[in-house]
Amino acid sequence: MKKFFGKVKNWWKRHKPSKRRLIQLYAALLYNANIKGFINGSIYKGGTKNMCLPGLNCYSCPGAVGACPLGALQNALAASGTRAPFYVLGIIMLFGLILGRTVCGFLCPVGLGQELLYKIKSPKLKKSKYTRILSYFKYVLLVGLVAVIPIMYSIVKFPVPAFCKYICPAGTFEGAIGLLVNPHNADLYAMLGPLFTWKFAVLCVLSVASVFIYRVFCRFLCPLGALYGLFSRIALLGVKLDKNKCTDCGLCIQHCKMDIKRVGDHECIHCGECIAVCPAHAISWKGSKFFVHPNAEISPPSEEKPLGAFFAGAEDAATPAQVTVAPVSVDAAVTEEIVIAKSETPDPDGVAARPAKPKKTRAFWAQVVAWVCALALLVSALVYYNFIDKEADRITSEVGDTCYDFTVKLYPDEEEEFTLSDHRGKIVVVNFWATWCTPCVAEIPHFETLQNNFADNVVVIAIQGVSYEPVAPFIENKWSGYNMLFAQDTIENDVPHTFKQLGGRDTWPITLIVDEEGVISFTRQGSVTYDVLESEVLKLLAE
């Protein structure tokens, strides 16, 4: 039995997760703290969805409690037209100034997924000058994201969040698949088409490539990493190279799996693995001065690393002989003298005493406090999103409620209005949609068919939930001649008023059916098929 536990202990020493891996797992769980969303198959729509998270995490993921900065930037560019979306840009710049590409190395769930796939045993593609050249392609995508979208807006009056719509694997895996695997969303399968097939193919290709190529998406395609890379030189946290100590041996470049030319450049994700392999101890953490006071007691190199490793935790795979970095930047000889002075306490009687036990440094306790606070934050988030925030569960008004008597402006003549109470005696089918929402656009023909088949008893109105200017040309181009009504919701403080009054949050499409007396008889978040619509209308007509 003792031998068995010894084997278990040795296995754990070899395979235990590094601090960086723990932080990556922590960030992924914190970003997706709405666990009940995976159970219910719904998207969280609470107040924190208005905030951007640092890493790439899809807004439509059932567990997501915040917005993806890349998606928010594209939507802001589309909504603001030729004006700069300073609010979203300011948040991303703040992340860049503080963290830079440390976000990629520590706080991005997509990066974590790729690293786990790369652990699968297989032949690996080594980096070369060709991969270095390909790494600049993400900057081409960044330019297209920031510059081309406003140009498209000014020319064709219909910008498209192209990266999220056609490429982003996070949206496909976390958003689409995260919703489709839930039995509650079985009706969504009817809405799948060529676009989903394309994006699923992109996801499969990138997933397989990640087994053979380290962080293939991060290195070649991610515009968010390219954007953060612009802040590498000035970011407050990350790794730094002391050129006075550097001997240009090149071990750090050889050891790094990213396409860097030097430590800390725009391709560096600041994972900290290079610290352990530098024989000259020329690589350290920028942020260590925020956590370790210059006059703090210095521990021997073999002891726990300082809180410079809070974002660090160089991979634990490094051997103890390699990890000899002092907690603060102090000459090695001075460090040795201090360690000897601390450990060899003279005996009053002239007899050598036992070496004094090393004291736990300020950095150690700061690290303990940091982890305790981090765990407290995670537990609080899990409790709040899954047990306390009940209001966010409300998708639309409840069945049986009297529907809010709304008034909206109709397209194409916005001087004409639609008021719900003016249509008492008829069944009113209300659909909230948006031009950028692919499922919304795909299901509009179902509502037109319903309008034509039940023209004497039903009024169908599709209400655009966001005030994008190109809505009228979009409708004219795709659905000219439709008999159903199209309207624009009233926007109050950047929030669709009717949509909010009827219980909607941030997710389209949403469909409501109001009976002849103004009472809600049916609600549905997400896409709806024609068979479902027809069945609900026939139920009301049969009563």
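Because the structure is a prediction, the values reported are computed rather than measured.

*Asks:* Any details on the overall build of the protein chain? Residues and values, ideally.
*Replies:* Along its length, the protein chain carries 23 helices and eleven strands. With 543 residues in all, the protein chain has 49% of them scored as buried. Residue pairs in contact within the protein chain that sit at least 24 positions apart in sequence constitute 75% of those at least 6 positions apart.

*Asks:* Please give an account of the side chain of asparagine 34 that cites residues and values.
*Replies:* In this fold, asparagine 34 is placed in the loop between helix 2 (19–31) and helix 3 (35–40). Overall, the relative accessible area of 3% leaves asparagine 34 in the buried class. Within polar-contact distance, the side chain of asparagine 34 engages the backbone oxygen of proline 62 at 3.0 Å. Residues contacting asparagine 34, with those up to four places away along its chain left out, are Tyr44, Pro62, Gly63, Val65, Tyr385 and Asn386.

*Asks:* Give me the pairing of strand 3 (residues 407–410): which residues, what numbers.
*Replies:* Examined bridge by bridge, strand 3 and strand 4 (residues 417–419) share three bridges and lie antiparallel to one another. In the sheet register, valine 408 faces strand 4, and the bridge partner there is phenylalanine 418.

*Asks:* I'd like a rundown of the environment of leucine 382, residues and numbers included.
*Replies:* Tracing the chain through its elements places leucine 382 in helix 19 (residues 362–388). With relative accessibility at 23%, the residue leucine 382 sits in the partly exposed group. Sequence separation between leucine 382 and alanine 33 is 349 residues; the distance between their C-alpha atoms is 5.3 Å. Excluding residues that lie within four positions of it along the chain, leucine 382 makes contacts with Leu29, Ala33, Ile35 and Phe387.

*Asks:* Could you give an account of the packing of helix 2 against helix 7 (residues 109–118), with specific residues and numbers?
*Replies:* For the pair helix 2 and helix 7, the least separation of the axes is 9 Å and the interaxial angle reads 130°. Taken together, helix 2 and helix 7 sit at an angle that is classed as oblique. At the point where helix 2 passes helix 7, the crossing takes the left-handed sense. On helix 7, the residues that touch Arg20, Arg21, Gln24, Leu25, Ala28 and Tyr31 of helix 2 are Pro109, Leu112, Glu115 and Leu116. Taken together, the residues of the contact of helix 2 with helix 7 sort by class into six nonpolar, one polar and three charged.

*Asks:* Describe in detail the pattern of salt bridges, supporting the description with residues and values.
*Replies:* Throughout the structure, instances matching the rule amount to ten salt bridges. Here glutamate 267 ties to lysine 138 by a salt bridge, and the two come within 2.9 Å at their closest N and O atoms. One end of the pair, glutamate 267, is in the loop between helix 15 (251–255) and helix 16 (273–277); the other, lysine 138, is in helix 9 (residues 137–156), and 129 residues separate them in sequence. The class of glutamate 267 is buried, set by a relative accessible area of 0%.

*Asks:* Hey, could you go over the confidence of the model for the protein chain for me, with residue numbers and the actual values?
*Replies:* Residues at a pLDDT of 70 or more form 78% of the protein chain, whose mean pLDDT is 82. Helix 13 (residues 216–220) holds the highest mean pLDDT among the elements of the protein chain, 97, whereas helix 18 (residues 332–343) holds the lowest, 43. Below a pLDDT of 50 lies the segment residues 291–353, which in the model reaches 85 contacts outside its immediate sequence neighbourhood of four places, other chains included.

*Asks:* Describe in detail unusual backbone geometry, supporting the description with residues and values.
*Replies:* Note the cis peptide between tyrosine 411 and proline 412, where omega equals 0°. With a phi angle near 55°, histidine 270 is a residue other than glycine that sits in the positive phi range. Tracing the chain through its elements places histidine 270 in the loop between helix 15 and helix 16.

*Asks:* Account for the nonpolar core, with residues named and values stated.
*Replies:* In this structure, Leu56, Leu70, Leu107, Phe217, Val239 and Ile283 are the most contacted members of the largest nonpolar core, which totals 61 residues. In terms of residues, this core owes the most to one element, helix 4 (residues 69–80), which gives five residues. Contact partners of phenylalanine 217, with chain neighbours within four places excluded, come to Leu56, Val110, Gln114, Phe163, Pro169, Leu206 and Cys222. With 48 residues, the next largest nonpolar core counts Val408, Ile444, Phe499 and Leu533 among its residues.

What counts and what doesn't
Residues numbered from 1 in each chain as written. Predicted model: local features only at pLDDT ≥ 70, side-chain atom pairs only at ≥ 80, totals over all residues. Heavy atoms only, no water. Helix = DSSP H or I, 4+ residues; strand = E, 2+ residues; numbered from the N terminus. Buried < 20%, exposed > 50% of the residue type's maximum accessible area, 1.4 Å probe, protein only. Contact = heavy atoms within 4.5 Å. Polar contact = N/O pair within 3.5 Å; in protein donor to acceptor, adjacent residues only side chain to side chain. Pairing = 2+ DSSP bridges. Axes fitted to C-alpha atoms, helices over the stretch in contact; angles between N-to-C directions. Parallel < 35°, antiparallel > 145°, perpendicular 65-115°, else oblique. Left-handed = near helix turned anticlockwise from the far one by under 90°. Nonpolar A, V, L, I, M, F, W, Y, C, P; charged D, E, K, R; others polar. Salt bridge = Lys/Arg side-chain N within 4 Å of Asp/Glu carboxyl O. pLDDT = per-residue confidence, 0-100. Core = buried A, V, L, I, M, F, W, Y, C linked by side-chain atoms within 4.5 Å.

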